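Below are the chains, spelled out letter by letter.
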Amino acid sequence: MGIIQYWKSVFKKKKEIKPMPKEVDPTRVCRSLDKLVPELKIIAQKMILDLKHHNIPAKIFETSRTIERQSYLLGLGNTKTMFSRHLEGSAFDVVIYDEKDKWTWNYEKYAYIYQMIGVIGVYKHGLEWGGNWNTFKDYPHFQLPRKKG
Ligand SMILES: [Zn+2]
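Read on for an overview of the structure. (Residues numbered from 1 in each chain as written. Predicted model: local features only at pLDDT ≥ 70, side-chain atom pairs only at ≥ 80, totals over all residues.)

To continue, consider the overall build of the chain. Across its full length, the chain carries four helices and five strands. The order of α-helices and β-strands along the chain, N terminus first, is α-α-β-α-β-β-α-β-β. Over its C-alpha trace the chain gives a radius of gyration of 19 Å, far above what one expects of a compact globule, namely 15 Å for 149 residues. Once the C-alpha set of the chain is aligned to its principal axes, its extents read approximately 60 × 45 × 30 Å. Buried residues in the chain amount to 26% of all 149 residues. Long-range contacts, defined here as pairs at least 24 residues apart, represent 58% of the contacts in the chain between residues at least 6 apart. (Helix = DSSP H or I, 4+ residues; strand = E, 2+ residues; numbered from the N terminus. Rg over C-alpha atoms; globule rule 2.2 N^0.38 Å. Buried ≥ 20, exposed ≤ 12 C-beta atoms within 10 Å, placed from the backbone. Contact = placed C-beta atoms within 7 Å.)

Laid out in structure tokens, this is it:
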């Protein structure tokens, strides 16, 4: 069947079109700590407690990603790589929320809060922080360091 015939058949059968399976929906954000590797899951749980303890208005926004979502984010320019550690469950993003209780990606305005979270992630939990990267600053991003040797 050619592509034209295919689309004609799709339009004819409009009501039968199934919604996109949620596993491949690239707009879907996974926040489950269970999708992280066990070592990082434990650190993530500790970091959540740290954020509460220090009254830092932030939450884990995203943990693991599908290839579909990574490619979608690359298209939006929100990431610079298809080799993200999110794909293997070795990274999570911590995003702060503002006075109106909304997620915010305004790093300039909330730089001091992102710095605080960065300090906790790096010095308390030994994570790599995207805010320390030279090429592309990714302030919400934390990942396990690669094992040496
Ligand atoms: Zn990230």
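Right, let's talk about helix H2 (residues 38-53) for a bit. Over its 16 residues, H2 extends 23 Å from the first C-alpha to the last, a length consistent with the 22 Å expected when each residue adds 1.5 Å. Listed as buried for H2 are Leu40, Ile43 and Met47. Buried residues in H2, looked at end-on, bunch into an arc of 60 degrees, giving them a common side. Summarising the geometry of H2, the exposed residues directed more than 90 degrees from the buried face are Pro38, Leu49, Lys52 and His53. Against helix H4 (111-124) lie the buried residues of H2. Positive backbone phi, approximately 55 degrees, marks Asn55, located one or two places after H2. (Expected span 1.5 Å × (residues − 1). Arc of directions from axis to C-beta.)

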